[in-house]
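So you can see what is in the structure, the chains are spelled out below.
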Amino acid sequence: MDSTALGVRQDADGNGTTDVAMRHILAAQWANTGVIDGLAVTGGTTMAYKVSAGTAVCSKGPSDGRVLAWWPGGTTDVVAANPASNPRTDVVYVYSNDMTQGDPDNLVHVGVAVGTASVTAPAPSIPTYATPLAYMRVPSGATNTQQTTLAQPVGNAIPYGGSLGLLLDKVYTGGYQIIQAGAPRVIVAGTVTVQTRRLVDVGMSVTWCPSGLSAGATGSGYVDWTLDGVVIRTFRKMFPWFQGENAFTCDYFEDTAYEVAKGSHTVQLRLWGSTSAPAGNVGYTGAGGAGWPGVRLTVKDGGVAD
């Protein structure tokens, strides 16, 4: 199959930039679908939602590439009130039509997927070609959208190569705990999702101390981080004899520029005491008490992996 670069006009035989080529070139520039700017969703005096002007990245699927959809601002269609005794979640979304693919027009539209009222108020599904703009919580008995609140944020469109910022921040806030030597324990964990192969920086703050040592003895412990259940890097901490039983220190460990594949991944921080000399148990504590930061795991995006 032949193709033509963006910016090359079509000749008499129709050889030149095509709509399909442009959509795939745009797809190469954006790592995901999402909001670029604007498109804020607010309520009104009816059961319609207001959507401000703005632009989003939309797609009908990987084989079709992506488009930049600009919406001039306006309201959605009116949806049903919520007379039920439980709340529901509505999803406001934007999409771009294409008559060459069977759509009724070539316009950008906004729509609403109405959720089912229940105690948990789950979000409804939206069309596969749509980009979500807002998840709106509709209280029981609502007769207008002014009564709704934002239930959860939506993802922004990220330029390919742009930083995703802070991907994960988990902190242990519980009380003092002791871990036996040789028994790794997951202290904090979370999920990160990346749209392309990325480099990530993993940071680990640990507030801990030796435990169960005799007077004048030394000890040691370990902290590591795992990716999808696989240990990536382990650090060892030596507790000197003069630190003493239950005398906390806070240490920071960092692993930088580690490559992760596209998709969702589980990241864990684990602690345990050493079984090899100088052996011993370790104790740890959560954030808050005496100003200690507790045990904290962060994952930051470091950019696209070459």
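All residue numbers refer to position in the chain's written sequence, counted from 1. Under the rules for a predicted model, residues below a pLDDT of 70 receive no local features and side-chain atom pairs below 80 are neither given nor counted, while totals for whole chains, interfaces and linings still include all residues. Only hydrogens and water are removed before side-chain values are computed, so all heavy atoms of the structure are retained for them.

(A) Expanded view of the overall build of the protein chain. Along the protein chain, the regular secondary structure elements total one helix and 20 strands. The globule rule puts the C-alpha radius of gyration for 306 residues at 19 Å, and the 26 Å found for the protein chain is more than 25% above it. Taking the principal axes of the C-alpha coordinates as reference, the protein chain spans close to 85 × 55 × 25 Å. When each of the 306 residues of the protein chain is scored for burial, the buried share is 42%. Note on conventions: DSSP H or I runs of at least 4 residues are helices, E runs of at least 2 residues are strands, and numbering of each starts at the N terminus. For a compact globule the rule gives 2.2 Å times the number of residues to the power 0.38, and the radius of gyration it is set against comes from C-alpha atoms. For each residue, the accessible area found with a 1.4 Å probe, counting protein chains only, is set against the maximum for its type, and the residue is called buried under 20%, exposed over 50%, and partly exposed in between.

(B) Representation of the nonpolar core within the structure. Take the buried Ala, Val, Leu, Ile, Met, Phe, Trp, Tyr and Cys residues and link them wherever side-chain atoms come within 4.5 Å; each set so joined is a nonpolar core. One finds Ile 187, Met 204, Val 223, Leu 269 and Leu 271 to be the most contacted residues of the largest nonpolar core, which totals 29 residues. Top contributing element to this core by residue count: strand S14 (residues 198-211), with five residues. If near-sequence neighbours (up to four positions away) are discounted, Met 204 is found in contact with Val 223, Asp 224, Trp 225, Phe 235, Asp 251, Tyr 252, Phe 253, Leu 269, Arg 296 and Leu 297. Grouped together as the second largest cluster of nonpolar side chains are 20 residues, Leu 39, Met 47, Cys 58 and Val 79 included. What makes two residues a contact is simply this: any of their non-hydrogen atoms within 4.5 Å.

(C) Region of the structure containing the sheet that holds strand S8 (residues 108-113). For two strands to be treated as a pair, DSSP must find at least two bridges joining them. In spatial order, the strands read S8-S7-S9-S10; together these four strands make up an open sheet with antiparallel pairing. Edge strands, defined here as strands with exactly one partner in the open sheet, are S8 and strand S10 (149-152). On average, adjacent strands in this sheet sit at an angle of 35° to one another, irrespective of strand direction. Looking at chain direction, strand S7 (residues 88-96) and strand S9 (residues 131-138) are connected through seven bridges and run antiparallel. Across the sheet, Tyr 93 pairs through a bridge with Pro 132, a residue of S9. As a rule, the C-alpha atoms of each element are fitted with a line to give its axis, helices using only the stretch in contact, and angles between N-to-C directions run from 0 to 180 degrees.

(D) Just the state of the cysteines, in detail. When two cysteine sulfur atoms are found within 2.5 Å, that pair is recorded as a disulfide. A full pass over the atoms with the stated rule returns zero disulfides. The structure places no disulfide on Cys 209, whose sulfur is separated from the nearest cysteine sulfur, that of Cys 250, by 12 Å.

(E) Region of the structure containing the sheet that holds strand S5 (residues 65-71). If you walk across this open sheet you meet the three strands as S1-S4-S5, and the pairing is antiparallel. The open sheet has two edge strands with one neighbour each: strand S1 (34-38) and S5. This sheet shows a mean twist of 25° between the axes of neighbouring strands, independent of strand direction. Relative to strand S4 (residues 54-61), S1 runs antiparallel, the two being bridged by four bridges. Counted as the bridge partner of Gly 34 is Val 57 from S4.

(F) Spatial organisation of unusual backbone geometry. Cis geometry is adopted by the peptide bond preceding Pro 278, which originates at Ala 277 and carries an omega value of -5°. Despite not being glycine, Leu 39 has its phi angle at roughly 60°, a positive value. Checked against the element boundaries, Leu 39 lands in the loop between S1 and strand S2 (41-42). Since its relative accessible area comes to 2%, Leu 39 is described here as buried. Even without a glycine there, the phi angle at Ala 257 is positive, about 55°. Position of Ala 257 relative to the elements: it lies in strand S17 (residues 249-260).

(G) Examining the pattern of salt bridges more closely. Salt bridges are defined by distance alone: a side-chain nitrogen of Lys or Arg within 4 Å of a carboxyl oxygen of Asp or Glu. As enumerated under the stated definition, the model contains eleven salt bridges in all. Among the ionic pairs, Arg 23 bridges to Asp 19, the shortest N-O distance being 3.7 Å. Here Arg 23 and its partner Asp 19 are both found in helix H1 (residues 19-29), four residues apart, which amounts to about one turn of the helix. Of the residues examined, Arg 23 reaches a relative accessible area of 9% and is grouped as buried. Between Asp 64 and Arg 23 there is a salt bridge, and its shortest N-O distance comes to 3.0 Å. Residue Asp 64 is found in the loop between S4 and S5, and its partner Arg 23 is found in helix H1; the two are separated by 41 residues along the sequence. The two residues Asp 64 and Arg 23 agree in class, both being buried. A single salt-bridge network, built from bridges that share partners, covers Asp 19, Arg 23, Asp 64 and Asp 98.

(H) Main features of the side chain of Asp 255. In this fold, Asp 255 is placed in strand S17. Counted as a polar contact is a pair of N or O atoms within 3.5 Å, where, for protein atoms, one must be capable of donating a hydrogen and the other of accepting one, and residues adjacent in sequence contribute only when both atoms are in side chains. Within the local environment of Asp 255, its side chain forms a polar contact with the side chain of Trp 225, the two groups lying 3.0 Å apart. When sequence neighbours within four positions are dropped, the list of residues in contact with Asp 255 reads Val 200, Asp 201, Val 202, Trp 225, Ile 232 and Arg 233.

(I) Structural view of the environment of Tyr 284. Within the fold, Tyr 284 resides in strand S19 (residues 281-284). In this structure Tyr 284 comes out as buried when scored by relative accessible area, which is 4%. Tyr 284 sits 74 residues away from Pro 210 along the chain, and the two C-alpha atoms are 8.9 Å apart. Not counting residues up to four positions away in its chain, the partners in contact with Tyr 284 are Tyr 172, Gly 175, Tyr 176, Gln 177, Ile 179, Arg 185, Ile 187, Thr 207, Trp 208, Phe 248, Leu 271 and Val 295. Engagement of the side chain of Tyr 284 in a polar contact is seen with the side chain of Arg 185, the distance being 3.3 Å.

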